[in-house]
Amino acid sequence: MRLDNLYVAEGRLLDLLLFLSTAPEGLAFVVDESGHLLDLMDGSKVRWLLEQGHTVDEPLINVIGDDCPYVDQSGLSVGDGRCFPLLPVVDSEHRVIDVTASTKKEFIPVAEPSLGIKEFGYLAEACLSGWISSSGHYVGQFEKLFSSYCTSPYGVAVSNGTTALHLALAALEIGPGDEVIVPDLTFAATINTVLYTGATPVIVDIDSDSWCIDPQAVAAAVSSRTKAIIPVHLYGQPCDMAAIMVLAQEHGLYVIEDCAEAHGAEFDGQKVGSIGDIGCFSFFGNKIITTGEGGMCTTASPELDARMRLLRDHGMVRGGEYKHEVVGFNYRMTNLQAAIGLAQVERIDQILVERKQIELNYRSQLQGRTNIEFQRDLDNRERVVWLTSVLVDPSGRTDIIESLRANSIDTRPFFCPLSQMDIYRKYVHSCRQSCTIAERGLNLPTFSGVDVSAVTSLLCR
Ligand SMILES: *Cc1c(COP(=O)(O)O)cnc(C)c1O
């Protein structure tokens, strides 16, 4: 049995580097003189050591760890070996006796949060301060910074994107007898929150270029009971807010922007969330920026700001006398969530650039593939990238999803149109484009560090 990956721990880190340049898979099983496994080393581990301040002249023995994955004689895999293509097989004395191919492939999810040392620092501070509920300075700081990023005068942080939407509807006193217009293609929280209030949702079609609510379909659905429209800036694409605001003005309707997937997007130079009466954001773990779970309502109205703050906190009047003015909710965000959120907004420009670059990589690697259509860039709209969104042939979509899944790569079909689900069907006013787009849509893995070519090489087969 040849063990070309075996390397006896002696000499400097530099000597190991030279060994790695010729070792199979660029991997070393570092052992002591008797062949006992000490560590696994590859190029990325060396790079990490150098980043930590180690130098290539250091004795190897100083930098190797004592904990690494291996396979025992019975074939049992110990430790997380997914980063290594080969693993050492050891005997009961922990001596390397063989080499085996790692069976685990690195799983590529659709989304992964971009969290750094800054998030951890603020979170640790919030934790150590003892202010772990909704008092504590991070909540106010996060509200201020995120709302000003959205060029909105006020921001009310809440527990998630769904409570943001419900709080907005409640603050606008929407309830039984009212109608609220929503697009057919969206995540169900948009319509569910309308139903929470007792109002009647009215589902309308989308526009096939933007995949967002179609203003003409909205116009056709307005009735004397209509109170509000919820345009959803789907997959990072801003809705046609000019047409929607004209309609709202004509008919005296409120506009609640569902911005859960579009932090930072702009229509005609205006940030989403600052155009309608209230903007609702989500900071769920897979969104553009995250607080784990979290949300925010943005508004330019001091009255709506005050109303939402009151409703967010049980409808309780400030002063500690347990006097309640209205029937409110507990929709508060914790200081822990806000600590992460503050660090995320401080990094949002960089996060958005990274996401845009990932989409560009997909575009360039899939260039010339006529069976894959990317999301469009439209006049007057500054789209942001949430999950890279493409349209494929509907008859081949399931095969694509399954073949990627077989290679440990996760993709997602677009949302199921509300009109196709029994519980919502009775609220449909119009739907057609929504169904055509939805059955073709696919979201590709989009997060910092994603291996785009691993995905595109399978899509090109
Ligand atoms: C994620 C999402 C929501 C809900 O946000 P949560 O924070 O998960 O409650 C609402 N609307 C849309 C369009 C979303 O994508």
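Residues numbered from 1 in each chain as written. Predicted model: local features only at pLDDT ≥ 70, side-chain atom pairs only at ≥ 80, totals over all residues. Heavy atoms only, no water.

1. Remarks on the sheet that holds strand β5 (residues 77-78)
Pairing is mixed across the open sheet formed by four strands, whose spatial order is β5-β4-β6-β7. Two strands lie at the open edges of the sheet, namely β5 and β7 (96-101), each paired on one side alone. As paired elements, strand β6 (residues 86-90) and β7 share five bridges and run antiparallel to each other. Looking across to β7, one finds that L86 is bridged to A101. (Pairing = 2+ DSSP bridges. Helix = DSSP H or I, 4+ residues; strand = E, 2+ residues; numbered from the N terminus.)

2. As for empty space enclosed by the protein
Scanning the model with the defined rule gives one cavity of 30 Å³ or more in all. If you add up the space inside the largest cavity, you get close to 50 Å³. Every residue lining the largest cavity is listed: E112, S114, I288, I351, E354, R355, F447 and S448. (1 Å grid on protein atoms, 1.4 Å probe; cavity = no way out; pocket = protein on both sides within 12 Å on 5 of 7 lines; lining within 4 Å. Points joined across faces, edges and corners; volume = space filled by probe spheres on them.)

3. Digging into the state of the cysteines
What is meant by a disulfide is a covalent connection between two cysteines, made through their sulfur atoms. Using the criterion set out here, one finds zero disulfides in the structure. Looking at the unpaired C431, the closest cysteine sulfur is the one in C435, lying at 4.5 Å. The exposure class assigned to C431 is partly exposed, which follows from its relative accessible area of 29%. (Disulfide = S-S within 2.5 Å. Buried < 20%, exposed > 50% of the residue type's maximum accessible area, 1.4 Å probe, protein only.)

4. Some points on the sheet that holds strand β16 (residues 295-299)
The mixed open sheet is built from seven strands, whose spatial order is β8-β16-β15-β12-β11-β9-β10. Each having just a single partner strand, β8 (154-158) and β10 (200-204) make up the two edges of the open sheet. Along the sheet, successive strands turn relative to each other by an average axial angle of 25°, direction set aside. Pairing between strand β12 (residues 254-258) and strand β15 (residues 278-282): three bridges, direction parallel. What sits directly across from E257, in β15, is G279. Where helix α7 (residues 189-196) meets the sheet, its contacts fall on β9 (179-183), β10 and β12, and the angle it forms with β10 comes to roughly 155°. (Axes fitted to C-alpha atoms, helices over the stretch in contact; angles between N-to-C directions. Contact = heavy atoms within 4.5 Å.)

5. With respect to the pattern of salt bridges
Taken as a whole and assessed by the stated rule, the structure comprises 22 salt bridges. Here E359 ties to R383 by a salt bridge, and the two come within 2.9 Å at their closest N and O atoms. Placement of the pair is E359 in helix α12 (residues 348-365) and R383 in the loop between β18 (381-382) and β19 (388-391), with a sequence separation of 24 residues. Among the residues examined, E359 registers a relative accessible area of 3% and is labelled buried. (Salt bridge = Lys/Arg side-chain N within 4 Å of Asp/Glu carboxyl O.)

6. Re the environment of I372
Its place among the elements puts I372 in the loop between α12 and β17 (373-374). Judged by relative accessible area, which is 12%, I372 ranks as buried. For I372, the contacting residues outside a window of four places in its chain are L366, V390, L391, V392 and L459.

7. Topic: the packing of helix α1 (residues 13-20) against helix α2 (residues 43-51)
Two numbers describe how α1 lies on α2: the axes approach to 11 Å, and their chain directions differ by 155°. As summarised for this structure, α1 and α2 are arranged roughly antiparallel, according to the angle between their axes. Relative to α2, α1 is oriented so that their crossing is left-handed. Every residue of α2 that contacts α1 at L13, L16, L17 and L20 is listed here: G43, V46, L49 and L50. Tallied by class, the residues present in the contact of α1 with α2 amount to seven nonpolar, one polar and no charged. (Parallel < 35°, antiparallel > 145°, perpendicular 65-115°, else oblique. Left-handed = near helix turned anticlockwise from the far one by under 90°. Nonpolar A, V, L, I, M, F, W, Y, C, P; charged D, E, K, R; others polar.)

8. Topic: the nonpolar core
If you look at the biggest cluster of nonpolar residues, it comprises 59 residues, and the most contacted ones within it are F146 and I181. Secondary-structure elements contributing two or more residues to this core are α5 (137-149), β10, α8 (215-221), α9 (241-251), α11 (335-346), α12 and α14 (433-438). When residues in this core are grouped by element, the largest group, five residues, is from α5. Membership of the second largest hydrophobic core comes to 31 residues, among which are V158, A168, A170 and I230. (Core = buried A, V, L, I, M, F, W, Y, C linked by side-chain atoms within 4.5 Å.)

9. Quick notes on the pairing of β15
For β15, a buried count of five out of five residues is recorded, marking the element as mostly surrounded by other parts of the structure. Covered by surrounding structure in β15 are I278, C280 and S282 together with G279 and F281, the residues of both alternating faces. When β15 meets β16, the two strands line up antiparallel, connected through five bridges. Bridge pairing links G279 to T298 in β16.

10. Details of the packing of α5 against α11
Where α5 contacts α11, the two axes come as close as 8 Å, and the packing angle between them is 35°. In this structure, the crossing between α5 and α11 has a hand that is left-handed. Between α5 and α11, the contacting residues are H137, Y138, V139, Q141, F142, L145, F146 and Y149 on the first element and N335, A338, A339, G341, L342, V345 and E346 on the second. When its residues are assigned to classes, the contact of α5 with α11 shows 10 nonpolar, four polar and one charged.

11. A few points about the layout of surface pockets
Estimates place the volume of the largest pocket at around 570 Å³. Of all the secondary-structure elements, those providing two or more residues to the lining of the largest pocket are α6 (161-171), α7, β15 and β20 (412-413). For the lining of the largest pocket, the per-class residue count stands at 15 nonpolar, eight polar and six charged. Roughly 470 Å³ of internal volume is contained in the second largest pocket. Lining the second largest pocket are 18 residues, with R309, R312, D313, R318 and R332 positioned closest to its centre. Listed by contribution, the elements that provide at least two residues to the lining of the second largest pocket are α5 and α10 (302-312). Among the elements that make up the lining of the second largest pocket, the one with the highest residue count is α10 (three residues). For the lining of the second largest pocket, a count of residues per class yields six nonpolar, six polar and six charged.

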